[in-house]
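Below, each chain spelled out in residue letters.
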Amino acid sequence: MPRPEVIIIMGASVDGRITTAPGRNVTEWIAEGLMESHDHIHHLADNLDCDGLMSGSESVLIWGSHPIRLPSPGYWPKKSKAYIVVDGRGRIQWAHTEGLIVVTRETVAPEYRAQLAEKHIDAIFAGHGRHVDLRLALAQLYRRGFRRLALTGGGRINAAFLQEGLVDQVSVVWNPLLVGGHNTPTIYDRPNITDIHDIIRLQLIRSERLDGQSVWAHYRVTTAPAAAPL
Ligand SMILES: NC(=O)c1ccc[n+]([C@@H]2O[C@H](COP(=O)([O-])OP(=O)(O)OC[C@H]3O[C@@H](n4cnc5c(N)ncnc54)[C@H](OP(=O)(O)O)[C@@H]3O)[C@@H](O)[C@H]2O)c1
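Since this is a predicted model, take the numbers as computed values, not measurements.

A.B. asks: Describe in detail the pattern of salt bridges, supporting the description with residues and values.
C.D. replies: Tallying each qualifying case throughout the model produces eight salt bridges. The partner of Arg148 in a salt bridge is Glu5, with the nearest N and O atoms 2.9 Å apart. One end of the pair, Arg148, is in strand 6 (residues 148-151); the other, Glu5, is in strand 1 (residues 5-13), with 143 residues separating them in the sequence. Of the residues examined, Glu5 reaches a relative accessible area of 28% and is grouped as partly exposed.

This is the structure we're talking about:
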């Protein structure tokens, strides 16, 4: 099945954390001056020619329930027209629907289907299992013309794509921060591995110091995980 390329694009601390603690909106890093802004991430989505941004449902729920206002909205991606959210369990009450494509399961609750219809939200239905069938969802996005998607977290949606061998490149803006935390979301949030062969290898393609003190590193995924999907 042809699918769009998938590039994980994330801002992270040097210890790989992508937010302060479970349930916390990472935008607070920008508000507190700990991270320059999301601008680098959005510029990357454009510079890497991504035609859509894709996120997990938990990130969107946290943004909605703990909104953080910034003085300036910053740079918003130009080429990335679609905002694609994987909401397999149908948990999100949608307020902003412009450019939105929701990816959910065939078996999602009828009430959620009704919300999508009522709000005229574009939707993709993929899979009958516990989660969205990501491979099927990507095939549908390919048929709609998407060729390169920026997967912008959180850690569990990244892990689900990585575990299925559906990620081609990983681009990280490393911020000069150490966060810690046993359960704090990371770039790649999966259960502990038991076999060294489950480690995914990356090849560094490019790296660059950005303005301020952050460093951008761009990698190609060179090995698929041996383990079964999560
Ligand atoms: N630093 C950054 O650049 C950055 C970017 C984004 C987010 N964040 C932070 O990340 C945190 C949230 O991350 P998170 O990891 O908790 O949540 P998340 O990745 O946003 O949400 C979990 C997602 O994974 C999906 N999923 C899990 N297992 C799956 C599988 N096997 N197959 C298909 N889909 C699967 C879930 O689907 P269901 O919908 O079906 O449950 C859900 O969409 C927030 O604190 C946010 O602020 C940071």
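What follows picks up the thread again.
A.B. asks: Mind laying out the site of the ligand, listing which residues take part and the relevant values?
C.D. replies: Around the ligand there are 26 residues in total, and Gly11, Arg24, Ser57, Ser59 and Arg156 lie nearest to it. With respect to the ligand, the backbone of Val26 contributes an N or O atom lying 3.2 Å from an oxygen atom. Coverage of the ligand by the protein chains reaches 95% of its 950 Å² of free accessible surface. Elements that contribute at least two residues to the shell around the ligand include exactly strand 1, helix 3 (57-65) and helix 6 (155-163).

A.B. asks: For helix 4 (residues 110-118), give the residues involved together with the corresponding values.
C.D. replies: In an α-helix, one turn spans 3.6 residues; hence positions three or four apart end up facing the same way. Within the span of helix 4, buried status applies to Tyr112, Gln115 and Leu116. Taken down its axis, helix 4 places every buried residue within 100° of arc, on the same side. Turned more than 90 degrees from where helix 4 packs its buried face, Pro110, Glu111, Ala117 and Glu118 sit exposed. Taken together, the buried residues of helix 4 touch strand 4 (100-104) and strand 5 (122-125). Of the residues flanking the end of helix 4, it is His120, one or two places downstream, whose phi is positive at about 55°.

A.B. asks: Can you break down the nonpolar core residue by residue, with the values?
C.D. replies: Counting residues in each nonpolar core, the largest one holds 33 residues, and the members touching the most others are Met54, Ile84, Leu138, Leu141, Phe161 and Val167. Those elements that provide at least two residues to this core are strand 1, strand 3 (82-86), strand 4, helix 5 (134-143), strand 6, helix 6, strand 7 (169-175) and strand 9 (215-221). For Leu141, the contacting residues outside a window of four places in its chain are Pro4, Met54, Ile84, Ile124, Phe146 and Leu149.

The rules we used
- Residues numbered from 1 in each chain as written.
- Predicted model: local features only at pLDDT ≥ 70, side-chain atom pairs only at ≥ 80, totals over all residues.
- Heavy atoms only, no water.
- Salt bridge = Lys/Arg side-chain N within 4 Å of Asp/Glu carboxyl O.
- Helix = DSSP H or I, 4+ residues; strand = E, 2+ residues; numbered from the N terminus.
- Buried < 20%, exposed > 50% of the residue type's maximum accessible area, 1.4 Å probe, protein only.
- Near = heavy atom within 4 Å.
- Polar contact = N/O pair within 3.5 Å; in protein donor to acceptor, adjacent residues only side chain to side chain.
- Areas by Shrake-Rupley, 256 points an atom, 1.4 Å probe, with all protein chains shown as cover.
- Arc of directions from axis to C-beta.
- Contact = heavy atoms within 4.5 Å.
- Core = buried A, V, L, I, M, F, W, Y, C linked by side-chain atoms within 4.5 Å.

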